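This is what each chain is made of:
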Amino acid sequence: MTSELFAPLPLRSGQVLRNRIAKAAMEENMAGAGQLPDEQLLTLYRRWAAGGTGLLITGNVMVHAEALTGPAGVVLDDKAPLGPFTEWAKAGKSGGGAIWMQINHPGRQVASGMPGVVWGPSDIGVSLGRHSSRFGRPTAMTPQQIDETVARYALTALRAEQAGFDGVEIHAAHGYLLSQFLSPLVNNRTDRWGGSLENRARMLLDIVRAVRAAVSPSFAVAVKLNSADFQRGGFDADDARQVIAMLEPLGVDLVELSGGSYESPAMTGRAADSRTQAREAYFLELATDLVGTSPIPLMLTGGITRRATAQRVLDSGVAVVGMGTALAVTPDLPHRWSRSREADRQLRPVNWSDKALASAAGMAQVRHQMRRIARGSSPRPGTHPAIALVSEQRRQRTALRRYRSWLSRPRSAA
């Protein structure tokens, strides 16, 4: 079937995506022994690769072994063996599409029970009301720590290319470290990394420069950016427009637009801002505002489940349609669309009044589907969110014990 959805997309690096449908990053939190990808992740990505997407973007891979978004996070640093990552890249490309590795640092969004470090641009903690104690109290990063973190991103990108990935996506959204630096609510520094938007964007821009210098010209470099933080006085659409313009001279292939953070989880459709109340394509209104001025192709992620919605996103001028939850429930959805079929199942809705708890339960539901696929089973979207959340918490406790043990052992460079 002829459709713009299934038309190829050439990128600045020379890479060509075979269609305009991407599996957006979802935090699998499924690392095996040694914080490495194992057979379960490979099985999951082979299934997605066979589903017809033009691009698979991995869940966030951590650049710093002492700073993880969750205890079962995958780590790719100077000490990680490349073999498991090479197999992951092969699995992701087994269906003929491309695979990019999302690389990330959590900054202050680290659970309070985690070992390691809790860093941020400033010492401002995550504010979640009665749930605030779930996160550690951050310390403001020193200039040396900032420089070392920039170098970590570049090293992880280089090693991803060596392992056979086609590109990386630098995560600067959803309230993680680079998003924290961009936010005037979280970043109250008075040095060269704080104050003006140019200063708040400095770390992101330095990382993009360092990554682009470390990898080959044909290796794709993308950035995931909030279209807005959906918090009064926070990073907004005009800031996003200016940052995209700053990224253009640096050789960025694609900017993925999302929104929100743990404090305002718009990426799950649960922010209070009226612009994310639509049940589908949460950020399309903001993306439409940005696409007219963006010098870089844009990808939009958030609440896209139907082909008609995906086509509407492309009609707005967005270049790539990103989906997460929809592909965790229906991993062959692109193939279905090519045959004029739709998904026949959706996740059980989470209609809890506590937004923070509802967001956590929603993410647990998605991970439950991914784990089923990784075991070779079919998704079961009717699982009750409370059951998924309790099961997730049990796994997290087991993973935390394993991560603590791993982190306490000396490691040698690979």
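Residues numbered from 1 in each chain as written. Predicted model: local features only at pLDDT ≥ 70, side-chain atom pairs only at ≥ 80, totals over all residues. Heavy atoms only, no water.

Student: Quick one: what's the story with the overall build of the protein, residue by residue and with numbers?
Tutor: From N to C terminus, the protein includes 13 helices and 14 strands. In terms of overall dimensions, the protein is globule-like: its C-alpha atoms have a radius of gyration of 19 Å, near the 22 Å expected for 414 residues. Expressed along its principal axes, the backbone C-alpha trace of the protein runs to roughly 55 × 45 × 45 Å. The burial tally for the protein puts 61% of its 414 residues in the buried class. Taking all contacts inside the protein whose residues are at least 6 apart in sequence as the whole, residues at least 24 apart take part in 71%. For the protein, the exposed area adds up to about 15,300 Å²; of that, 50% sits on carbon and sulfur atoms. Of the side-chain charges in the protein, 49 are positive and 36 negative, and the distance between the mean point of each set is 8 Å. (Helix = DSSP H or I, 4+ residues; strand = E, 2+ residues; numbered from the N terminus. Rg over C-alpha atoms; globule rule 2.2 N^0.38 Å. Buried < 20%, exposed > 50% of the residue type's maximum accessible area, 1.4 Å probe, protein only. Contact = heavy atoms within 4.5 Å. Areas by Shrake-Rupley, 256 points an atom, 1.4 Å probe, with all protein chains shown as cover. Lys, Arg positive; Asp, Glu negative; His and termini not counted. Charge placed at Lys NZ, Arg CZ, Asp CG, Glu CD.)

Student: Which residues make up the packing of aromatic side chains, and what values go with them?
Tutor: Taken as a whole, this structure holds five aromatic pairs when the rule is applied. On the basis of an interplanar angle of 85 degrees and a centroid distance of 5.5 Å, the ring pair of Y45 and W88 is categorised as edge-to-face. With a gap of 43 residues between them, Y45 in helix 1 (residues 39–49) and W88 in helix 2 (residues 83–93) connect regions that are remote in the sequence. Grouping residues by exposure puts Y45 and W88 together as buried. Pairwise contacts between aromatic rings join Y45, W48, F85, W88 and F165 into one cluster. Geometry around W48 places K23 over its ring, the cationic atom sitting 4.6 Å from the centre. The positively charged end of R192 is found above the aromatic ring belonging to W193, 5.0 Å away from the centroid. (Phe/Tyr/Trp six-rings, centres within 6.5 Å; stacked < 30°, edge-to-face > 60°. Lys NZ or Arg CZ within 6 Å of the ring centre and 35° of its normal.)

Student: How would you explain the pattern of salt bridges if you had to name every residue and give the values?
Tutor: Taken as a whole and judged by the stated rule, the model has 17 salt bridges. Across the pair R209 and D206 runs a salt bridge whose closest N-O atoms are separated by 2.9 Å. With R209 and D206 both in helix 6 (residues 202–214), this residue pair falls three residues apart, about one helical turn. By relative accessible area, R209 is classed as partly exposed at 42%. In this structure D206 comes out as partly exposed when scored by relative accessible area, which is 26%. For R345, the salt bridge goes to D344, with nearest N and O atoms at 3.6 Å. For D344, a relative accessible area of 55% translates into the label exposed. Here the salt bridges share partners, and the residues they tie into one network are E27, R367, R371 and E392. (Salt bridge = Lys/Arg side-chain N within 4 Å of Asp/Glu carboxyl O.)

Student: Any chance you could break down the nonpolar core for me, citing the residues and the numbers?
Tutor: In this structure, F85, I170, M203, L204 and L247 are the most contacted members of the largest nonpolar core, which totals 94 residues. Every residue in contact with L204, bar those within four places of it in the chain, is listed here: I170, A172, L178, L182, V223, V243 and L247. With 16 residues, the next largest nonpolar core counts L17, A22, I57 and A319 among its residues. (Core = buried A, V, L, I, M, F, W, Y, C linked by side-chain atoms within 4.5 Å.)

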